Amino acid sequence: MYKIFWFRKDLRLTDNHALSGFVNSIRDKDTYSFIYIVNISSLESCSEKRISFLLECLSELKYNLKSKGLKLHIITGKRLDVFKILSDKFGAMEVYANEQVEPYCINRDEKIKKLIKRNSGKLYSFSDSTLMEMNKIVKDDSLPYTVYTPFKNKFLKILSPLDYDECKVRLNKLNPDKQISLNIFPEFNLQKEYKKLSKSDFIKGGRNSAVRLLINFCKNGINNYHIKRDFPSEKGTSLLSAHLHFGTVNVRECIRAISKLKKSEGVEKWRNELIWREFYYSIAYNFSYIVNGCFKKEYDNFKWNYDLIGFKKWCEGKTGYPIVDAGMRQLKKEGWMHNRLRMITAMFLSKDLLIDWKLGERYFAENLIDFDFASNNGGWQWSASTGCDAQPYFRIFNPFLQSKKFDPEGVYIKKYVSELNNVPLKYIHNPSEMPDEVQKNCGVIIGKNYPLPIVNHTYACKIAVELFRNIRKIT
Ligand SMILES: Cc1cc2nc3c(=O)[nH]c(=O)nc-3n(C[C@H](O)[C@H](O)[C@H](O)COP(=O)(O)OP(=O)(O)OC[C@H]3O[C@@H](n4cnc5c(N)ncnc54)[C@H](O)[C@@H]3O)c2cc1C
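Counting restarts for each chain: residues are numbered from 1 in the order of the written sequence. Where totals are concerned, whole chains, interfaces and linings use all residues; where local detail is concerned, this predicted model gives features only for residues with pLDDT of at least 70, and gives and counts side-chain atom pairs only at 80 or more. Excluding hydrogens and water, the side-chain values take into account all heavy atoms of the structure.

**Notes on unusual backbone geometry**
Phase 1: Despite not being glycine, Asp15 has its phi angle at roughly 45°, a positive value.
Phase 2: The exposure class of Asp15 is buried, given its relative accessible area of 1%.
Phase 3: Residue Asp389 is not a glycine yet carries a positive backbone phi of 45°.
Phase 4: For Asp389, a relative accessible area of 29% gives the class partly exposed. Each residue is assigned to one of three classes by its accessible area relative to the maximum for its type, calculated with a 1.4 Å probe on protein chains only: buried under 20%, partly exposed between the two thresholds, exposed over 50%.

What follows is the structure in structure tokens.
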């Protein structure tokens, strides 16, 4: 039998369920190949920084396989088309992959499964990217949870130490001579493509970098996580999100790493964030309509604003609200944004500007290196109050107060909104309050060197609450 291992969001050779299943399935007579499919058209909507990160992961993976005499074939094309070509060429074949539970991936994989089956082959899929298989954590009536806390409580009850167990992948069992070369596809020139792209100075792709971050965080960061995680000028979080997305580190490895540590508030808080990730995966899996609309369907009738000038100012970090602008500029510069800022900027777009959260969701998807459908959609719907277990619509963040509380010295603001560097601390959170004299002294003329606020927060809040209340009355 010809067998294929298909790497997807699991770009590592250790603790990988499908890879272990694949290696164990190989018999002496079998031939095999390792593939990764780059779908150029879906990459067009990603930032260069995200693609660079992916290529860094692939480059290291390719190298690690090569050191064992194995070859990773990086194939460009649409996944279904690639499997059509492979099926035509090899007939019956077995494909091993870890499942992707995003609704559009499920549909695509169904088509691929049927195509392979038509030629008497099989696609074997394994649960790997979450701690729990989808729908293992359900309510007593077998329905999915839509509220985080009971989900988490059930999760912690069910999670047994066995789930932490490392899944051993014995790649040295494979005979490299049994590999089939896939020269029916043109060679993807990874180095050449990589050179063309802009890179993030902030996070680097690849297994080595993921492991380093995890070890370093467990050693130096996790014990203060609960204290520092909300302060964007601190290095208070793990920065592992993109690695968790691309699978250069697995969430089981994270849980195993912290289970060796002494219990502490920081450890518990970080574990709970990993469970938020599981929760949003479960929501995306069970409520596929959230790809196109609100979790709470009544808000599909909400009359959002489509003010493209306001949207552009938000994207560019020119709203006149320093904390919002700093967050948006961090995203553009680094391809990553601190969680507190994701909440502040998302709420500002959906409540202060009343712009459709789906535009913001797409902008984040296009610019975040760690873009992950389930967490991004979950975060946006939480901020816009349209989601499950979301922020109540009347509890709108005040950007000035958020700024004072979480960036009291204006360190984060000054890092990304450098034109405010000389603004006195008293005015850093709301420079439009500076008297003319102070503006002149610090060289920042509001309306000229830095914009006036594009909206009045107090007034905008009143309108937002009224509109949300009306929708609830109608439905
Ligand atoms: C509007 C909005 C959009 C978001 N978009 C994404 C996204 O596209 N991809 C993404 O991975 N996260 C997203 N998040 C969640 C969160 O902001 C990031 O996971 C976190 O900032 C990543 O930094 P870190 O790895 O240092 O996190 P840490 O604080 O170290 O947390 C560890 C891990 O837990 C998970 N996690 C933490 N917070 C959350 C959360 N609120 N929801 C789900 N999982 C969480 C992540 O996998 C993270 O890497 C979004 C949040 C909001 C409010």
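There's plenty left to go through after this.
**Observations concerning the pattern of salt bridges**
Phase 1: Only one rule defines a salt bridge in this text: a Lys or Arg side-chain nitrogen within 4 Å of an Asp or Glu carboxyl oxygen. All chains considered together, the criterion is met by 29 salt bridges.
Phase 2: The shortest N-O distance in the salt bridge between Glu102 and Lys9 comes to 2.6 Å. Highlighted residues: Glu102 in the loop between β4 (93–98) and α5 (103–118) and Lys9 in the loop between β1 (2–7) and α1 (17–25), separated in sequence by 93 residues. For the pair shown, Glu102 and Lys9 are each scored as buried.
Phase 3: Residue Lys204 pairs with Glu56 through a salt bridge whose shortest N-O separation is 3.3 Å. Of this pair, Lys204 sits in the loop between α7 (190–195) and α8 (207–221) while Glu56 sits in helix α3 (residues 48–66), and the two are 148 residues apart along the sequence.
Phase 4: You can call Glu56 buried: its relative accessible area is 10%. Labels follow the DSSP assignment, with helices taken as runs of H or I lasting at least four residues and strands as runs of E lasting at least two, numbered in each case from the N terminus.

**Observations regarding the side chain of Arg207**
Phase 1: Relative to the helices and strands, Arg207 resides in helix α8.
Phase 2: For Arg207, a relative accessible area of 17% translates into the label buried.
Phase 3: Residue contacts for Arg207: discarding those within four places in its chain leaves Arg12, Thr14, Glu60, Thr248, Val249 and Glu253. Only heavy atoms matter for contacts: two residues are in contact if any of them lie within 4.5 Å across the pair.

**Some words on the site of the ligand**
Phase 1: Within the structure, the ligand sits among 27 residues, and Tyr225, Thr237, Ser238, Leu239 and Asn339 are positioned closest to it.
Phase 2: We define a polar contact as two N or O atoms separated by no more than 3.5 Å, with the added condition that, inside protein, one atom must be a possible hydrogen donor and the other a possible acceptor, whereas residues neighbouring each other in sequence contribute only through side-chain atom pairs. Take Tyr225: an N or O atom from its side chain is 2.5 Å from an oxygen atom of the ligand.
Phase 3: The side chain of Glu273 places a nitrogen or oxygen atom 3.1 Å from a nitrogen atom of the ligand.
Phase 4: Secondary structure elements with two or more residues in the shell around the ligand: α10 (241–246), α12 (265–286), α15 (339–352) and α17 (373–383). Whether a residue is near a molecule or strand depends on its heavy atoms: if one lies within 4 Å, it is near.

**Here's the deal with the state of the cysteines**
Phase 1: The term disulfide is used for any two cysteine sulfur atoms that are within 2.5 Å. Tallying each qualifying case throughout the model produces 0 disulfides.
Phase 2: Unpaired in terms of disulfides, Cys167 finds its nearest cysteine sulfur in Cys254, a separation of 15 Å.
Phase 3: The structure places no disulfide on Cys388, whose sulfur is separated from the nearest cysteine sulfur, that of Cys294, by 12 Å.

**Considering helix α11 (residues 251–259)**
Note that an α-helix has 3.6 residues per turn; residues three or four places apart therefore point the same way.
Phase 1: Taking burial as the measure, the 9 residues of α11 include 8 buried ones, the bulk of the element.
Phase 2: Of the residues making up α11, those classed as buried are Val251, Arg252, Glu253, Cys254, Ile255, Arg256, Ala257 and Ile258.
Phase 3: If you follow the buried residues of α11, they end up packed against α1, α8, α10 and α12.
Phase 4: Its side-chain oxygen 2.6 Å from the backbone nitrogen of Arg252, Asn250 forms the N-cap of α11.

**Overview of helix α6 (residues 148–158)**
Phase 1: Listing the buried residues of α6 in full gives Tyr148, Phe151, Lys152, Lys154 and Phe155. The buried residues of α6 occupy one face: seen down the axis, they fall within an arc of 165°.
Phase 2: Those residues of α6 hidden inside the fold are in contact with α12. For this quantity, the arc is that covered by the directions from the helix axis to the C-beta atoms.

**Section: the sheet that holds strand β5 (residues 122–126)**
The strands making up a sheet associate through backbone hydrogen bonding, with each pair oriented either parallel or antiparallel.
Phase 1: DSSP-based pairing: two strands are paired if at least 2 bridges between them are found. Ordered by their spatial adjacency, 5 strands build an open sheet running β3-β2-β1-β4-β5, and the pairing between neighbours is parallel. The two strands at the open ends of the sheet, each matched to only one other strand, are β3 (72–76) and β5. Here the strands of the sheet are splayed against their neighbours by 30° on average, with no regard to which way each runs.
Phase 2: Direction of pairing for strand β2 (residues 31–38) relative to β3: parallel, over a ladder of 5 bridges. Bridging from a neighbouring strand, Phe34 pairs with Leu72 of β3.
Phase 3: The strands that α5 touches are β1, β4 and β5; relative to β5, the one it contacts most, it runs at about 145°. Every axis in this analysis is a line fitted to C-alpha atoms, fitted for helices over the stretch in contact. Angles between the N-to-C directions lie between 0 and 180 degrees.

**Regarding the domain arrangement of the protein**
Phase 1: Here the protein is partitioned into domain 1 (2–129), domain 2 (130–165 + 206–286) and domain 3 (297–474).
Phase 2: Taken over C-alpha atoms, the centre of domain 1 sits 25 Å from the centre of domain 2.
Phase 3: At the junction of the two partners, domain 1 supplies 22 residues and domain 2 supplies 24 residues.
Phase 4: Summed over both partners, the accessible area lost on bringing two parts together, with a 1.4 Å probe, is the buried area. Buried surface at the junction of domain 1 and domain 2, both sides included, amounts to about 1,900 Å², of which 52% is carbon and sulfur.
Phase 5: Counting the contacts that link domain 1 with domain 2 gives 3 salt bridges. For the domains described, the bounds stem from an automatic or database domain assignment.

**A closer look at the packing of aromatic side chains**
Phase 1: Stacked, edge-to-face and tilted labels apply to pairs of Phe, Tyr and Trp rings (six-membered ring for Trp) whose centres lie within 6.5 Å, assigned for plane angles under 30 degrees, over 60, and everything in between, in that order. Within this structure, the stated rule accounts for 45 aromatic pairs.
Phase 2: Between Phe5 and Phe7 the ring centres are 4.7 Å apart and the planes differ by 75°, which places this aromatic pair in the edge-to-face class. By the burial criterion, Phe5 is buried, and Phe7 matches it.
Phase 3: Ring-pair connections join several aromatic residues into one group, and the members of that group are Phe5, Phe7, Phe22, Tyr32, Phe34, Tyr96, Tyr124 and Phe126.

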